[in-house]
Amino acid sequence: MSDPLILGVLASGRGSNLQAITDAITDGSLQAQLGVVLSNKQEAPALARAKAQGIPAYAFDPKDYPSREAYDTVLLETLQAHQVKLVVLAGYMRLLTPELVGPYRGRMINIHPSLLPAFAGLHAQRQALEYGVKLSGCTVHFVDEKMDHGPVIAQAAVPIQADDTEFSLAERILIEEHRLLPQVIQWFAEGRLSIDGRVVRNNTDLDIGVKK
Ligand code: GRF
């Protein structure tokens, strides 16, 4: 058996997507290993979740660094020191510089709570409600230099209900996030994903002849 894919997760907040990843590893549906969890916030619950499970977890305060590039260089060195092969942005609320994106191009993914390219940026659920769309959802995509912009790997749709609030919509989208993110990581681990310009192909040919 090949070595498990080593993940590095960047998270700024609650960490429910991090939890979904660790749950999927525990139940065997995701063949990967958490190498390190990093945050820009010392108090991020995501860090506490990681530490509680014995996963190396560190906060780096942006104020301690002279530039965004210097900050991202430290993140890069930490990810590399932990042999991270796939970086997962799970609620990481900072823009990345080319210093970090470049070395992990094609090996860094983000989850966003809308059907991109609609409603990039902050408060995606509120944006969807205010715009009046009838369908929103979540997107997992490869990361490039622009925010919420790289090639789309997978999306899940969530219908909007007439009485939805930002909170109720976020809750229903989150259920899909927790399903989709570990699934995409497993596809990556299986070597199924290839990038062709903006288009990500999911090589389901691997399924031919394989009995489930
Ligand atoms: C999720 O909605 C994710 O899509 C967005 O930030 C939120 C993070 O939630 N990028 P959590 O910290 O994983 O609970």
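Please refer to the structure higher up on the page.
Everything in this summary refers to the structure shown in the same document. Computed from a predicted structure; not experimentally measured.

### A closer look at unusual backbone geometry
Each neighbour pair has its own omega, and for Leu116 with Pro117 the value is 15°, a cis peptide bond. At Gln83, a residue that is not glycine, the phi angle is positive and equals roughly 60°. Mapped onto the secondary structure, Gln83 falls in the loop between helix H3 (68–81) and strand E4 (86–89). Taking the relative accessible area as the measure of exposure, Gln83 reaches 46% and is therefore partly exposed. The backbone phi angle of Phe119 is positive, close to 60°, even though this residue is not glycine. In this fold, Phe119 is placed in the loop between strand E5 (108–112) and helix H5 (124–131).

### Observations concerning the packing of aromatic side chains
Scanning the model with the defined rule gives two aromatic pairs in all. A centroid spacing of 5.4 Å and a plane angle of 80° characterise the contact between Tyr65 and Tyr71, whose relative ring orientation is edge-to-face. Residue classification places Tyr71 among the buried residues on the basis of a relative accessible area of 1%. A cation over an aromatic ring shows up here: Arg94 above the ring of Tyr71, its NZ or CZ 4.4 Å from the ring centre.

### Notes on the environment of Pro151
Tracing the sequence through the fold places Pro151 in the loop between strand E6 (135–142) and strand E7 (152–159). Here Pro151 falls in the buried class, since its relative accessible area comes to 12%. When the C-alpha positions of Pro151 and Gly197 are compared, they lie 7.7 Å apart, and in sequence the two are 46 residues distant. Leave out the neighbours within four places in its chain, and Pro151 touches His141, Phe142, Ile195, Gly197, Arg198 and Val200.

### What about the site of the ligand?
Around the ligand, the surrounding shell consists of Arg14, Gly15, Ser16, Asn17, Gly91, Ile111, His112, Pro113, Leu174 and Glu177. Here Asn17 contributes a backbone N or O atom positioned 2.8 Å from an oxygen atom of the ligand. In the environment of the ligand, a nitrogen atom lies 3.0 Å from a nitrogen or oxygen atom belonging to the backbone of Ile111. Burial of the ligand by the protein amounts to 87% of the accessible area it has alone, namely 370 Å². Elements with a minimum of two residues in the shell around the ligand: helix H1 (16–26), E5 and helix H6 (166–189). Residues of the shell around the ligand, tallied by class, amount to three nonpolar, five polar and two charged.

### Concerning the packing of H1 against helix H2 (residues 45–52)
At their nearest, the axes of H1 and H2 sit 9 Å apart, and the two run at 25° to each other. The orientation of H1 with respect to H2, classified from their angle, is roughly parallel. Across the interface between the two elements, Ser16, Leu18 and Gln19 of H1 pack against Ala46, Arg49 and Ala50 of H2.

Calculation criteria
Residues numbered from 1 in each chain as written. Predicted model: local features only at pLDDT ≥ 70, side-chain atom pairs only at ≥ 80, totals over all residues. Heavy atoms only, no water. Helix = DSSP H or I, 4+ residues; strand = E, 2+ residues; numbered from the N terminus. Buried < 20%, exposed > 50% of the residue type's maximum accessible area, 1.4 Å probe, protein only. Phe/Tyr/Trp six-rings, centres within 6.5 Å; stacked < 30°, edge-to-face > 60°. Lys NZ or Arg CZ within 6 Å of the ring centre and 35° of its normal. Contact = heavy atoms within 4.5 Å. Near = heavy atom within 4 Å. Polar contact = N/O pair within 3.5 Å; in protein donor to acceptor, adjacent residues only side chain to side chain. Areas by Shrake-Rupley, 256 points an atom, 1.4 Å probe, with all protein chains shown as cover. Nonpolar A, V, L, I, M, F, W, Y, C, P; charged D, E, K, R; others polar. Axes fitted to C-alpha atoms, helices over the stretch in contact; angles between N-to-C directions. Parallel < 35°, antiparallel > 145°, perpendicular 65-115°, else oblique.

These values are about where atoms sit, not about what they do.
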